[in-house]
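Residue strings, one per chain:
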Amino acid sequence: MVDDICRNLRESCLLYLFSVESMTQAAGVVAALHTDNPGPDGADNEVTLAQDADYARKTVVFSPSVENPGTGKVKIASDWASWTPAAASPGYTVTWTTYRDSATGGCLAVAQRLKEMVMAAGVPSPGTTGEILAY
């Protein structure tokens, strides 16, 4: 299942980054954090203000693709994004990330995190939004 999710994420991001005639490229991308499976449209289990009064989606910028010589793979990396839960937050664990069109809020891709991100009150998150290897 993780392989299918990763494959779907790669394909969605490649379509977003390189666009095709039938697809309109988003003007910007934001990452959203989820405490459980967000569902196929990314609408479920996003962190709530009750869990973290300071939570907000973060802008993500993807860098140009870079070919990994001799591997047949292309790497697409995004910038580092950090979240710091509010001091009064009860804490929570992030298991999924979604990427959304910053203008419309529409879900572009859904990705299960390879490593859970434990969020504690007042402590900056340890993770990045990540990178994608495409074949």
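Above: the structure in question.
My aim in this report is to walk through the structure given alongside it, one point at a time. This one's a predicted model, so the numbers in the text were calculated from it and none came from an experiment. (Residues numbered from 1 in each chain as written. Predicted model: local features only at pLDDT ≥ 70, side-chain atom pairs only at ≥ 80, totals over all residues. Heavy atoms only, no water.)

### Digging into the overall build of the protein
Argument step 1. Looking only at helices and strands, the protein features one helix and seven strands.
Argument step 2. Along the protein, from the amino end to the carboxyl end, the secondary structure elements read α-β-β-β-β-β-β-β.
Argument step 3. Across the protein, every contact between residues at least 6 apart in sequence was considered, and the portion connecting residues at least 24 apart equals 66%.
Argument step 4. On the protein, roughly 7600 Å² of surface is accessible, and the fraction owed to carbon and sulfur atoms is 54%. (Helix = DSSP H or I, 4+ residues; strand = E, 2+ residues; numbered from the N terminus. Contact = heavy atoms within 4.5 Å. Areas by Shrake-Rupley, 256 points an atom, 1.4 Å probe, with all protein chains shown as cover.)

### Overview of the sheet that holds strand E2 (residues 58-60)
Argument step 1. As summarised here, the arrangement of the four strands in space is E2-E1-E5-E6, forming an open sheet in which the pairing is antiparallel. What marks the edges here is a single partner per strand, and that holds for E2 and strand E6 (107-119). When strand polarity is set aside, the average angle formed by the axes of neighbouring strands in this sheet is 35°.
Argument step 2. Pairing of strand E5 (residues 92-101) with E6 involves eight bridges; the strand directions are antiparallel. (Pairing = 2+ DSSP bridges. Axes fitted to C-alpha atoms, helices over the stretch in contact; angles between N-to-C directions.)

### Examining the pairing of strand E1 (residues 29-34)
Argument step 1. Among the six residues that make up E1, six are buried, leaving the element largely enclosed by the rest of the structure.
Argument step 2. Of the two faces of E1, the one carrying Val29, Ala31 and Leu33 and the one carrying Val30, Ala32 and His34 are both buried.
Argument step 3. Where E1 and E2 come together, three bridges link them in antiparallel fashion. Looking at the pairing, Val30 lines up with Thr59 of E2. (Buried < 20%, exposed > 50% of the residue type's maximum accessible area, 1.4 Å probe, protein only.)

### Considerations on the pairing of E5
Argument step 1. Of all 10 residues in E5, nine are buried; the element is thus mostly enclosed.
Argument step 2. Both E1 and E5 contribute to a ladder of six bridges, which runs antiparallel. Residue pairing in the sheet places Val30 in a bridge with Arg100 of E5.
Argument step 3. Linkage of E5 to E6, two consecutive antiparallel strands, is achieved through a turn of five residues, within which Gly105 is found at a positive phi near 80°.

### Quick word on the nonpolar core
Argument step 1. Residues Leu33, Tyr55, Trp83, Val94 and Met119 are the most contacted members of the largest nonpolar core, which totals 15 residues.
Argument step 2. Those elements that provide at least two residues to this core are E1, E5 and E6.
Argument step 3. By residue number, the principal contributor to this core is E1, which donates four residues. (Core = buried A, V, L, I, M, F, W, Y, C linked by side-chain atoms within 4.5 Å.)

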